[in-house]
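Coordinate analysis (summary)
Okay, here's what each chain looks like letter by letter:
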Number of protein chains: 2
Amino acid sequence: MMRTRPLKVALLGCGVVGSEVARIMTTHADDLAARVGAPVELAGVAVRRPNRVREGVPAHLITTDAVELVKRDDVDVVVEVIGGIEPARGLITTAMEHGASVVSANKALLAEDGAALHAAAVEHGVDLYYEAAVAGAIPLIRPLRESLAGDKVNRVLGIVNGTTNFVLDRMDSTGAGYSDSLDEATALGYAEADPTADVEGFDAAAKAAILAGIAFHTRVTAADVHREGITEVTAADIASAKRMGCVVKLLAICERSADGKSVTARVHPAMIPLSHPLASVREAYNAVFVEADAAGQLMFYGPGAGGAPTASAVLGDLVAVCRNKLNGATGPGESAYTRLPVSPMGDVVTRYHVSLDVADRAGVLAQVAAVFAEHGVSIDTVRQQGKDGEASLVVVTHRAPDAALSGTVEALRKLETVRGVASIMRVEGE
Amino acid sequence: MMRTRPLKVALLGCGVVGSEVARIMTTHADDLAARVGAPVELAGVAVRRPNRVREGVPAHLITTDAVELVKRDDVDVVVEVIGGIEPARGLITTAMEHGASVVSANKALLAEDGAALHAAAVEHGVDLYYEAAVAGAIPLIRPLRESLAGDKVNRVLGIVNGTTNFVLDRMDSTGAGYSDSLDEATALGYAEADPTADVEGFDAAAKAAILAGIAFHTRVTAADVHREGITEVTAADIASAKRMGCVVKLLAICERSADGKSVTARVHPAMIPLSHPLASVREAYNAVFVEADAAGQLMFYGPGAGGAPTASAVLGDLVAVCRNKLNGATGPGESAYTRLPVSPMGDVVTRYHVSLDVADRAGVLAQVAAVFAEHGVSIDTVRQQGKDGEASLVVVTHRAPDAALSGTVEALRKLETVRGVASIMRVEGE
């Protein structure tokens, strides 16, 4: 049954992920051919620095002219592992115009411009697959898009950034502060020299946008995602979480609203109870919970980044789009028919852990409690600690809209007895 | 873009799973239509007892003539949720001969006769999907077959039977024996009136066969799977596991041999350390670890049985095969090109926990240790407990072939100082 003409693959980028893709395509060529039903060959590898030695990649395949490569008539599939918006977007679009299906690991691009890219794929009758864009090797896009296609997903909750999970895990296990833990992550290769995209939550927000769009069959871009990073998480927050039987994690949370008429997507640090399965996700691992009407609670866990795991996801997609090419068909594309709008953060309903520095005198708790009550935020527990005329007050609330909590905090700051709001953190996973 | 002629679905069986499938097809008809690209309608529901009231299933769709139903020209997809070998096999085959794609939840049939059914699907140009056959709602077949299609899977290790996990979990948390815990499971609806298929490991062995075949791209039937149930697990085994910092789980384990030239598949109770993620899988939940060359360790977790979760998996497959029908294509079928043979249990290499009742006298340990050494089984730890002239000896070994352990046990039984072999349990997950 094996077709003899090979399927030709253009690889854009040959860094950590690209070189693994090229390596596996070579070493596992027989397996790939058997699984696809035809040989799969590298047609060319576009790089910026052609003179760098790339083990296992034949020199004659290296080119610096990515545009010419994606335009080639004999290219069936383009694998884009450059990252960033441009030139990736232009190259992917050109590839599709020339009839190539695309496999991409580009979360930033998909989260910014997924709708246009999907439209281009439909227009040109090609596939656009991007399992590797979210949570590395963990199958997540395909399960959401295909396995749960007959179900109704209500919530996606996960740890989708390995760098920040590593930093928070170190803070938790060593008691160290944010800077020291980030330094350690950098030294060990878990954080990049410029860690902004990770620690400020941009990376996780892009993934949340992609997951929310697929889960709820609507369009969500990175700009729709409420985003807070981990740079302001302190050792005191971690210690306070511990006292509550919690750990602090950077979570991506996508939810359908209670009335089903809108969705929310957000990325922020949150406390989750130690008994929650996400609490035990250590180091740079990722894990995502999916809650669906019929399926119930599912969890997917694995390495969320790294060359080989990401290459595994890219190659799974490559086999699928190659099979589709042979069948003359395309796989499931964008599904955005619900057109559910994305609600602002103020509409999100959750619990809060609020630390206040207050004057150590009688009546302060009553004053503070009154402010919460005025804003309709019901208090679950309060812990008071006094020392030398100063005191701290830790309030944990019941579920309330984010806007109500913001109003509460604003009013608290105006109280003469409140010296400062030391931290506000959401409490999830209960 | 919506096609007006609906896709017609014949449902075989309307029990716990079938009635959920029918319900969701009705209540979520608009969503299914949007996701498929055409309306999806029930053409008929074949049942054995037509007079039973089935809420939400229109009476005119009910039939007792399943054969006539699957032969109907207007049926595009047959969903089989009857279970068992016959009449399911005959109906599926007839359905394919008449051009219908098949979605099945039938692990026993797929594990016994998967190759022939896949061949029939290819012959008639239709799909055969069965995500619901393994681990209920947890996406596992699709991730293994598609997401990891570009990777090399080396090991699948999981809890794939909810009933036995419930029983073992109760034994662990209450200290009760096997019978009392099974009674509790039956009373709570977690075990069937005749629990044989679950407690003797037949159900898990069928799932192991399916997973091994897909993971290693070869053919594995239920008969190839070494199978031990949980009926002989005692409260003493559970207590002994606890002392070692372990829990006892019924595991399905599929492995590629060290030389890559064969595979093994087995189902048996085993001790796993509390630190292993599978140790915290409680009650009737399922979870499966997959280890692959590039992806590393992935875990999939969720409800492994039940009407709604199983229906979720069936409907995900239904959407996929309906989409394929519209595209005039078929999805990935059987991939068994490696033709790797299945090795016997004696070749499996793992660790063992052996409890012996021995005479309480000097020199016994030396005798016992000599027997292990003669058979090439290296001892990791020994624990000795004496009481009233009798003593127990608990030996935990290093990794050794199962055949070597069997030889050791046979020789131990012949020692005059060994009164009995109280239990042998494998130790996994380390």
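Keep in mind the model is a prediction, meaning the values are calculated, not measured. (Residues numbered from 1 in each chain as written. Chains lettered and ligands numbered in written order. Predicted model: local features only at pLDDT ≥ 70, side-chain atom pairs only at ≥ 80, totals over all residues. Heavy atoms only, no water.)

Counting across every chain of the model gives 50 salt bridges over all chains. Its salt-bridge partner being Arg351 of chain B, residue Asp380 of chain B comes within 2.8 Å of it at the nearest N-O pair. Remark: Arg351 of chain B occurs in strand E13 (residues 349–359) and Asp380 of chain B occurs in strand E14 (residues 379–387); sequence separation between them is 29 residues. Using a relative accessible area of 36% as the deciding quantity, one classes Asp380 of chain B as partly exposed. Each of Arg142, Glu146 and Asp317 of chain A together with Arg142, Glu146 and Asp317 of chain B takes part in one network of salt bridges that share partners. (Salt bridge = Lys/Arg side-chain N within 4 Å of Asp/Glu carboxyl O. Helix = DSSP H or I, 4+ residues; strand = E, 2+ residues; numbered from the N terminus. Buried < 20%, exposed > 50% of the residue type's maximum accessible area, 1.4 Å probe, protein only.)

Moving on to the sheet that holds strand E6 (residues 128–129) of chain A. Residues and elements named next belong to chain A. Ordered by their spatial adjacency, 6 strands build an open sheet running E3-E2-E1-E4-E5-E6, and the pairing between neighbours is parallel. Because the sheet does not close on itself, it has two edges, and the strands there are strand E3 (62–63) and E6. Of the strand pairs in this sheet, strand E5 (residues 101–104) and E6 are connected by 2 bridges, and their pairing is parallel. Directly across from Val102, in E6, lies its bridge partner Leu128. This element, helix H4 (residues 88–97), spans strand E1 (7–12), strand E4 (77–80), E5 and E6 of the sheet and lies at about 150° to E5. Contacting E1, strand E2 (40–46), E4, E5 and E6, helix H12 (residues 307–327) crosses the sheet at an angle of about 170° to E5. (Pairing = 2+ DSSP bridges. Contact = heavy atoms within 4.5 Å. Axes fitted to C-alpha atoms, helices over the stretch in contact; angles between N-to-C directions.)

Let us now look at the relation of the copies chain B and chain A. Turning chain B through 180° and shifting it by 0.0 Å along the axis lays it on chain A, with an RMSD of 0.0 Å. These values place the two chain copies in the arrangement generated by a two-fold rotation axis. Considering only C-alpha atoms, the residue of chain B closest to the rotation axis is Phe300 of chain B, which sits at 2.4 Å. When the interface residues of chain B are mapped onto chain A, 100% of them again fall at the interface, so both copies present the same face. (Least-squares fit on C-alpha atoms with pLDDT ≥ 70 in both.)

Here the focus is the sheet that holds strand E6 (residues 128–129) of chain B. Residue and element names in this part refer to chain B. Spatial ordering of the open sheet is given by E3-E2-E1-E4-E5-E6, a layout of 6 strands whose pairing is parallel. One side of each edge strand has no neighbouring strand; the edge strands of this open sheet are strand E3 (62–63) and E6. The strands that helix H12 (residues 307–327) touches are strand E1 (7–12), strand E2 (40–46), strand E4 (77–80), strand E5 (101–104) and E6; relative to E5, the one it contacts most, it runs at about 170°.

It is worth spelling out the packing of aromatic side chains at this point. Across all of its chains, the model carries 5 aromatic pairs over all chains by this definition. Relative to Tyr301 of chain A, the ring of Tyr285 of chain A lies with its centre 5.2 Å away and its plane at 0°, an arrangement referred to as stacked. Linking Tyr285 of chain A in strand E11 (residues 285–292) with Tyr301 of chain A in strand E12 (residues 296–303), this pair joins segments that are 16 residues apart in sequence. What makes Tyr285 of chain A partly exposed here is its relative accessible area of 27%. Each ring, one from Phe166 of chain B and one from Tyr190 of chain B, has its centre 4.2 Å from the other, and the planes form 20°; the classification is stacked. Pair noted here: Phe166 of chain B is in helix H7 (residues 162–174) and Tyr190 of chain B is in the loop between helix H8 (178–187) and helix H9 (196–199), with a separation of 24 residues, a long-range link. The residue whose ring lies beneath Arg227 of chain A is Phe202 of chain A, and the NZ or CZ to ring-centre distance is 3.8 Å. (Phe/Tyr/Trp six-rings, centres within 6.5 Å; stacked < 30°, edge-to-face > 60°. Lys NZ or Arg CZ within 6 Å of the ring centre and 35° of its normal.)

Let us look at unusual backbone geometry. The bulk of non-glycine residues show a negative phi, and the bulk of peptide bonds are trans. Residues and elements named next belong to chain A. A cis geometry characterises the amide bond from Glu86 onward to Pro87, with omega recorded as 10°. Summarising the element assignment, Pro87 is placed in the loop between E4 and H4. Backbone geometry at Glu283 places phi at a positive 50°, although glycine is not the residue there. Topologically, Glu283 is positioned in the loop between strand E10 (263–273) and E11.

With that settled, consider the environment of Leu415 of chain A. Inspection of the secondary structure puts Leu415 of chain A in the loop between helix H14 (402–414) and strand E17 (418–427). Not counting residues within four places of it along the chain, the set of residues in contact with Leu415 of chain A comprises Gln367, Val368 and Val371 of chain A.

So, about the UniProt feature "domain: ACT" (unreviewed entry) in chain A. Taken from the UniProt record, the annotation "domain: ACT" (unreviewed entry) applies to residues 353–426 of chain A. Between the first and last C-alpha atoms of residues 353–426 of chain A the distance is 6 Å; the span itself is 32% helix and 47% strand. (UniProt positions renumbered as here; feature names shortened; annotations may be inferred.)

The subject of this paragraph is the interface of chain B and chain A. With 46 residues of chain B at the contact, the number on the chain A side is 46 residues. Roughly 3700 Å² of surface becomes buried between chain B and chain A when both sides are summed, with 57% attributable to carbon and sulfur atoms. Of all residues in chain B, Arg35, Ser147 and Tyr337 of chain B bury the most surface against chain A, accounting for 16% of the area lost on that side. Linking chain B with chain A are 2 salt bridges. Measuring nitrogen to oxygen at the nearest pair gives 3.6 Å for the salt bridge that ties Arg142 of chain B to Glu146 of chain A. At the junction of chain B and chain A, the tally comes to 20 residue pairs in polar contact (both at pLDDT 80 or more). When residues of the side of chain B that touches chain A are traced back to their parent elements, those giving at least two are helix H2 (29–36), helix H6 (141–147), strand E12 (296–303) and H12 of chain B. Among the elements that make up the side of chain B that touches chain A, the one with the highest residue count is H12 of chain B (8 residues). Taken together, the residues of the side of chain B that touches chain A break down into 24 nonpolar, 13 polar and 9 charged. Both E12 of chain A and E12 of chain B contribute to a ladder of 3 bridges, which runs antiparallel. (Buried area = accessible area lost by both parts, 1.4 Å probe. Polar contact = N/O pair within 3.5 Å; in protein donor to acceptor, adjacent residues only side chain to side chain. Nonpolar A, V, L, I, M, F, W, Y, C, P; charged D, E, K, R; others polar.)

What follows covers the UniProt feature "binding site: L-homoserine" (unreviewed entry) in chain A. Residues and elements named next belong to chain A. Cross-referencing UniProt, the feature "binding site: L-homoserine" (unreviewed entry) maps to Glu192 in the present numbering. You can see Glu192 is positioned in the loop between helix H8 (178–187) and helix H9 (196–199). If we ignore the near neighbours within four places in the chain, the residues touching Glu192 are Thr186 and Asp198.

Moving on: the nonpolar core. Counting 162 residues, the largest nonpolar core has Val78, Val153 and Ile210 of chain A together with Val78, Val153 and Ile210 of chain B as the members making the most contacts within it. With sequence-adjacent residues up to four places away left out, Val153 of chain A is seen in contact with Leu144, Leu148, Ala215, Phe216, Arg256, Val290, Glu291 and Ala292 of chain A. (Core = buried A, V, L, I, M, F, W, Y, C linked by side-chain atoms within 4.5 Å.)

As a further point, take the packing of helix H5 (residues 107–124) of chain B against helix H10 (residues 202–216) of chain B. Residues and elements named next belong to chain B. Orientation of H5 relative to H10, taken along the N-to-C sense of each, is 50°, at an axis distance of 8 Å. Taken together, the axis directions place H5 and H10 in an arrangement best described as oblique. The element H5 and its partner H10 pack so that their crossing is left-handed. Touching Lys107, Ala108, Leu110 and Ala111 of H5 are Asp203, Ala206, Lys207, Ala209 and Ile210, all from H10. In the contact of H5 with H10, the residues fall into 6 nonpolar, no polar and 3 charged. (Parallel < 35°, antiparallel > 145°, perpendicular 65-115°, else oblique. Left-handed = near helix turned anticlockwise from the far one by under 90°.)

Now for the side chain of Asp127 of chain A. Residues and elements named next belong to chain A. Mapped onto the elements of the fold, Asp127 is located in the loop between helix H5 (107–124) and E6. Nearest to the buried, unbridged Asp127 among oppositely charged side chains is Arg145, at 6.7 Å. There is a polar contact of 2.8 Å between the side chain of Asp127 and the backbone nitrogen of Gly331. With residues near it in sequence (within four places) discarded, Asp127 still touches Ser101, Val102, Val321, Asn324, Ala329, Thr330 and Gly331. (Lys, Arg positive; Asp, Glu negative; His and termini not counted.)

Before going further, it helps to spend a moment on H12 of chain B. Residues and elements named next belong to chain B. Relative to the 30 Å expected for 21 residues at 1.5 Å per residue, H12 spans 30 Å between its end C-alpha atoms, a close match to the ideal helical length. Here H12 lies mainly inside the structure; 17 of its 21 residues are buried. Two residues or fewer past H12, Gly328 is found with a positive phi of approximately 65°. (Expected span 1.5 Å × (residues − 1).)

Time to look at the domain arrangement of chain A. Residue and element names in this part refer to chain A. If you check the domain split of chain A, you get domain 1 (7–136 + 307–327), domain 2 (141–302) and domain 3 (346–427). Centre-to-centre, using C-alpha coordinates, domain 1 lies 27 Å away from domain 2. Of the roughly 1200 Å² buried between domain 1 and domain 2, counting both surfaces, carbon and sulfur atoms make up 62%. Taken together, domain 1 and domain 2 are joined by 2 salt bridges. For Asp203, the salt bridge goes to Lys107, with nearest N and O atoms at 3.3 Å. (Domains from an automatic or database assignment.)

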